[in-house]
Amino acid sequence: MKFLESLAQQFAGKPIDWDELEEGLIRADLGVPITTRIIKTLQEREAWSVLGIGDAIKAVRDEIAQILPIEPTLIRQAKGKPTVILIVGVNGTGKTTSTAKLARYLGSARFQPAVRGILPRTRSARQDAERCTKDACAPRVMLAAADTFRAAAIEQLGVWAERLGVEMIRGQYGADPAALCYEAYQTAVKHEIDWLLCDTAGRQHTKTNLMAELQKVKRALGKLDPNAPQETLLVVDATTGGNALSQAREFHNALGLTGLIVTKLDGSGKGGIVVAIQDELGIPTRFVGTGENIDDFAPFDRQKYIENLV
Ligand SMILES: Nc1nc2c(ncn2[C@@H]2O[C@H](COP(=O)(O)OP(=O)(O)OP(=O)(O)O)[C@@H](O)[C@H]2O)c(=O)[nH]1
Ligand SMILES: [Mg+2]
């Protein structure tokens, strides 16, 4: 981060330029409230002018660590089958790609909760999982192509489904995504699917009619299982910076989000939005996307994230 380089120079004798530091933190997409807090913490330190850069980095990291949850945020498998994950977000953030990545991740999971970020709910399920060999007991994943709006969206997910060897439920373009997800759930029950992932169309968070469409999808799934969808994950693009916070606000308001997938961390985005969104809305980041390939995906790792950010 550039701001830490400038901080290092400033600590080498010259008084700190607080304005520049503030600007640096905001440029990292940490947002105003967190930036203000960090600056206040540093300013309140006694004899700050003799602090080394190491202390400054530590102060920033500590502040961020206090915001992010310590426990890994686990996607829990529902008691009854299937566990439904609804994938939402504005246009082009990486929803469809992340749906495929998640399908691969969940479908190939062997149950090592600490490592893989998935926790079977019951003791017997954990024992079953321990007995499983990878292929014989790999969880079954199904996709629902609920983006019936954008041209070629269904085929795009279809290509992934084929590559991954998973089933996909598709409808006609223009079909009601709520009806499609409803049907997909019923099919998933019939086929004893473990995870149903619903990829939805991109939409601007400011369009109330489109947000209402997603609420309808949630209601439709809720009719079949009051707990479904168990997860509603917002996909945000790290390169969009602070705008991701307003997206999260609106989607959370409409749907009650359970987590984030932050994509394109391999790009110019600093990823500070993870902290800003957790701080303001209490929404944890579950997964991160770091490239266009299927394996450029991992559960969110707090420690690693903080080290990379600062
Ligand atoms: N570099 C990089 N590119 C990504 C990542 N995730 C997705 N992409 C790319 O972003 C572009 C859009 O991805 P999609 O998955 O189609 O995005 P979407 O949100 O489904 O788009 P819409 O359905 O049109 O709203 C594609 O070119 C992806 O390859 C990531 O983590 N890193
Ligand atoms: Mg898509």
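Before reading on, note that the structure itself is shown above.
What this report covers is the structure whose coordinates are included nearby. This one's a predicted model, so the numbers in the text were calculated from it and none came from an experiment. (Residues numbered from 1 in each chain as written. Chains lettered and ligands numbered in written order. Predicted model: local features only at pLDDT ≥ 70, side-chain atom pairs only at ≥ 80, totals over all residues. Heavy atoms only, no water.)

1. Description of the environment of L197
In step 1: Here L197 is to be found in strand 6 (residues 195-200).
In step 2: Measuring from C-alpha to C-alpha, the distance between L197 and C181 comes to 9.4 Å, with 16 residues separating the pair along the chain.
In step 3: Residues in contact with L197, not counting those within four places in the same chain, are I85, T99, L102, A103, L106, V141, M142, L143 and A144. (Helix = DSSP H or I, 4+ residues; strand = E, 2+ residues; numbered from the N terminus. Contact = heavy atoms within 4.5 Å.)

2. Some details on the pairing of strand 4 (residues 141-146)
In step 1: Within strand 4, 6 of the 6 residues are buried, which leaves the element mostly enclosed by the surrounding structure.
In step 2: By the bridge criterion, 6 bridges tie strand 4 to strand 6 in an arrangement that is parallel. Looking at strand 6, one finds that M142 is bridged to L196.
In step 3: Inspection of the sheet shows strand 4 paired to strand 5 (residues 167-169) by 3 bridges, in the parallel sense. (Buried < 20%, exposed > 50% of the residue type's maximum accessible area, 1.4 Å probe, protein only. Pairing = 2+ DSSP bridges.)

3. As for the environment of M142
In step 1: Position of M142 relative to the elements: it lies in strand 4.
In step 2: Using a relative accessible area of 2% as the deciding quantity, one classes M142 as buried.
In step 3: Each C-alpha atom, one on M142 and one on G107, is 9.3 Å from the other, the two residues being 35 residues apart in sequence.
In step 4: Residues in contact with M142, not counting those within four places in the same chain, are E167, I169, A184, T187, A188, I193, W195, L196 and L197.

4. Section: a negative patch on the surface
In step 1: Judged by side-chain charge, D17, D19, E20 and E22 come together as a negatively charged surface patch.
In step 2: Mapped onto the fold, E22 is located in helix 2 (residues 18-27).
In step 3: According to the relative accessible area criterion, E22 is partly exposed, its value standing at 31%. (Patch = residues over 30% accessible without salt bridge, like charges linked within 9 Å, V, L, I, M, F, W, Y side chains within 5 Å. Areas by Shrake-Rupley, 256 points an atom, 1.4 Å probe, with all protein chains shown as cover. Salt bridge = Lys/Arg side-chain N within 4 Å of Asp/Glu carboxyl O. Lys, Arg positive; Asp, Glu negative; His and termini not counted. Charge placed at Lys NZ, Arg CZ, Asp CG, Glu CD.)

Note that all results are geometric; they support no functional claim without further evidence.
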